[in-house]
Amino acid sequence: MKKPATLVDKIWDSHVIMDLGQNTYLIHIDRNFQHELTGATSLNGIDNAGRKIRNAELAFGVMDHVLDTHPGRGDETPIPGGTGFIREFRQRATSHGIRLFDIDDPDQGISHVISPELGIALPGCTYVCGDSHTCTIGGIGALAFGIGSSDAEHVFATQTIIQTKPQNMRVNFNGKLGKEVFAKDMVLYLIAYIGAAGGIEHAVEFAGPVIRDMPIDGRLTICNMAVEFSARTGIVAPDDITLDYFKGRRFAPKGDMWEKAVAYWRTLPSDPEAHFDKEVDIDCNEISPQVTWGTSPEHSIAVDGRVPNPAQAPDSHSRMTMERAIAYIGLKPGTPLEEVKIDAAFIGSCTNARLSDLREAARILKGRKVAPGICAICSPGSYQTKLRAEAEGIDRIFREAGFEWRESGCSMCMSGGAGGEGFNTGQHVLSTTNRNFEDRQGRGVRSHLASPVTVAASAITGHITDPRKIGG
Amino acid sequence: MEKFTIITGIAAPLMRRNIDTDAIMPGKELPKFEKTSYGDGLFGQWRYIDGNRKENPDFILNQPPFRKAIILLADANFGCGSSREVAVWALVDFGIRCVIAPSFASIFFNNCFKNGLLPVILEDSQVHEIARQVENSSGKELVTVDLEKCQVIGPVKQVYPFTVNEIYREMLLQGLDPIDAALRYESKIAAFQETDRVDRPWIYQY
């Protein structure tokens, strides 16, 4: 009898080309998706070394990282040097015959958003992209790794990577979600619970009844933040919800091939007796809407909580880290989060800019206005998401509330930290993104992470707000 | 790639947990093509005052003798966050050849080996011990990292053995290009794809 295997074991084992010893393997990569930064850099490396692209048909490219998100945009971008990357990537990708979703392509968007949307990422496939949030793709049941540009070069040249096999971890989300509690709140709660290094060297399968009932958008949000607790990747087993999602998508298999793929995908879920090296249970009834107070995603607390006191830290290192975070964020220990005034609100990024995110935010924003002086920006995750939102009148709700309605891209999650368009020093920004690191959204900018609903509610009141109190 | 066999030099303790790659190499330094001249941007937001190049005297790499450090000591989960390989290029360009920490984030860890930077994992207590000893000597006592023998020799000559994956060790010892190494297996890659095209045709035809 076959040894019981996890979902990750099954995908990993079926992609091993060679066992290189010491738990290290040469594995096949089914999908290589690059953007203008790592794409330009890695193809530059390929060309300089005079190498060939082994499987151009398995490579895809998109402009998402440095491009401008203002309407009417072109190659020019506020990020210094960014235009060079856009043009370099376009030229090299085109010359190598790589399918590129360029700035004006109707399928352009953030790679982690468009890849499932178009059916390029598929359950059971191995997937890489030169971005740490590639783990997002695990939400549809793929084994997805973020890689650096040398490894991107490696994949272009060999269609493989050399990696050690990750250990298996499972997080079970049990119970039921409360009112105005979403996938983002679940994953922030988890990170605060197990810490920013809690998943190190593990591939994490998200499971349990709450995940099983969750649509793909939410699964992508949860997997997106696997890297924020240093997991190698996150993944959710493909099920009926996954199959319904993919049926008919542009690059998904059709006809007999669809039936064959489905039969294979059905074999992927972890066997009941499979061994996990680490297992965590979360009771979703305990989760309130979450907001971060500090400079790490692990600095996440309930929206009705207070900024913690470093004096109560469990050890001297935690105390030091908390003191640094509090100094940067400029809040006194004991301050109720709901008293924190905000200067800006951002709804966007690979974490929370899919259609369901925009719908939920619009529900709160409908018929309301953002507080005076708040800079409020929404950048949909893809051009197709934007079009669908517009067809539902969501753009009008955002605009009438006082939000800027932008084009798609990494936008204010990437731009400020890269010396482009950012928020101002000292400003508090409530953001649906995934990183509240120092200077991430601009020099000295204080980022607070939350769900689209909490961001929308707070934009209206002008301070961090519990969405359960505002209704909509 | 530069070979790594044995190095002896100044080690700088930067004993913080979860040092992310945004901190190692700020995003605004990203839009450059070449893998050189990144050293100036290393830890830019901590190393300089107010975003210009005025040095922050409190930051360890601005203090003699640590300005000439070739080894960095750090706490757990070093290199977390963004996958940006510039974080590795910046360390290497500054002159760092080895980072010693209790654990590393995986993308950063993988990126190191492609650039001649050795990430060494030691026990939490061992890293802190070396850091304390370095501080006690104001950085003057040197640290040795020997990849041939897989050991670190601390400031008081104490020996700390470490393990490193043999494939990566060989690559560093010989300065091998990992792509060239993988291309030696081309026939196996081709054989895999031949079978796979039958088993999972949807991956190749769409």
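The rules behind the values
- Residues numbered from 1 in each chain as written.
- Chains lettered and ligands numbered in written order.
- Predicted model: local features only at pLDDT ≥ 70, side-chain atom pairs only at ≥ 80, totals over all residues.
- Helix = DSSP H or I, 4+ residues; strand = E, 2+ residues; numbered from the N terminus.
- Buried ≥ 20, exposed ≤ 12 C-beta atoms within 10 Å, placed from the backbone.
- Contact = placed C-beta atoms within 7 Å.
- Domains from an automatic or database assignment.
- Nonpolar A, V, L, I, M, F, W, Y, C, P; charged D, E, K, R; others polar.
- Axes fitted to C-alpha atoms, helices over the stretch in contact; angles between N-to-C directions.
- Parallel < 35°, antiparallel > 145°, perpendicular 65-115°, else oblique.
- Left-handed = near helix turned anticlockwise from the far one by under 90°.
- Pairing = 2+ DSSP bridges.

A. Fine view of the overall build of chain B. Counting its regular elements, chain B contains nine helices and 10 strands. With 206 residues in all, chain B has 45% of them scored as buried. A sequence separation of at least 24 residues applies to 66% of the contacts in chain B between residues at least 6 apart.

B. The arrangement of the domain arrangement of chain A in detail. Residues and elements named next belong to chain A. Here chain A is partitioned into domain 1 (1-288) and domain 2 (290-470). Centre-to-centre separation of domain 1 and domain 2, based on C-alpha positions: 24 Å. On the side of domain 2, 41 residues touch domain 1, which itself brings 43 residues to the contact. The element best represented in the side of domain 1 that touches domain 2 is helix H6 (residues 183-194), accounting for six residues. Residue composition of the side of domain 1 that touches domain 2, by class: 19 nonpolar, 14 polar and 10 charged.

C. Region of interest: the packing of helix H2 (residues 36-48) of chain A against helix H5 (residues 149-158) of chain A. All names here are of chain A. Contact pair H2 / H5: the axes reach a minimum separation of 8 Å and the direction vectors enclose 60°. As summarised for this structure, H2 and H5 are arranged oblique, according to the angle between their axes. Of the two elements, H2 crosses H5, and the hand of that crossing is right-handed. Contacts from Thr 38, Thr 41, Ser 42, Leu 43, Gly 45 and Ile 46 of H2 reach H5 at Ser 149, Ala 152, Glu 153, Phe 156 and Ala 157. When the residues that make up the contact of H2 with H5 are grouped by side-chain class, the tally is five nonpolar, five polar and one charged.

D. Quick look at the sheet that holds strand S2 (residues 24-28) of chain A. Residues and elements named next belong to chain A. Pairing is antiparallel across the open sheet formed by three strands, whose spatial order is S1-S2-S8. Every interior strand has two partners, whereas the edge strands, strand S1 (16-19) and strand S8 (160-164), have only one. Pairs of neighbouring strands in the sheet enclose a mean axial angle of 25°, with direction left out of account. Taken together, the three bridges between S1 and S2 define a ladder with antiparallel strand orientation. Bridge pairing in S2 links Asp 19 to Tyr 25.

E. Geometry of the domain arrangement of chain B. Once the domains are mapped, chain B shows domain 1 (6-175) and domain 2 (177-206). Computed over C-alpha atoms, the centres of domain 1 of chain B and domain 2 of chain B are 35 Å apart.

F. Spatial organisation of H5(A). In terms of burial, H5(A) is a largely internal element, 10 of the 10 residues being buried. All buried positions along H5(A) are accounted for by A:Ser149, A:Ser150, A:Asp151, A:Ala152, A:Glu153, A:His154, A:Val155, A:Phe156, A:Ala157 and A:Thr158.

G. Spotlight on the environment of A:Val262. Inspection of the secondary structure assignment puts A:Val262 in helix H10 (residues 255-265). Along the sequence, A:Val262 and A:Pro238 sit 24 residues apart, while their C-alpha atoms lie 9.7 Å from each other.

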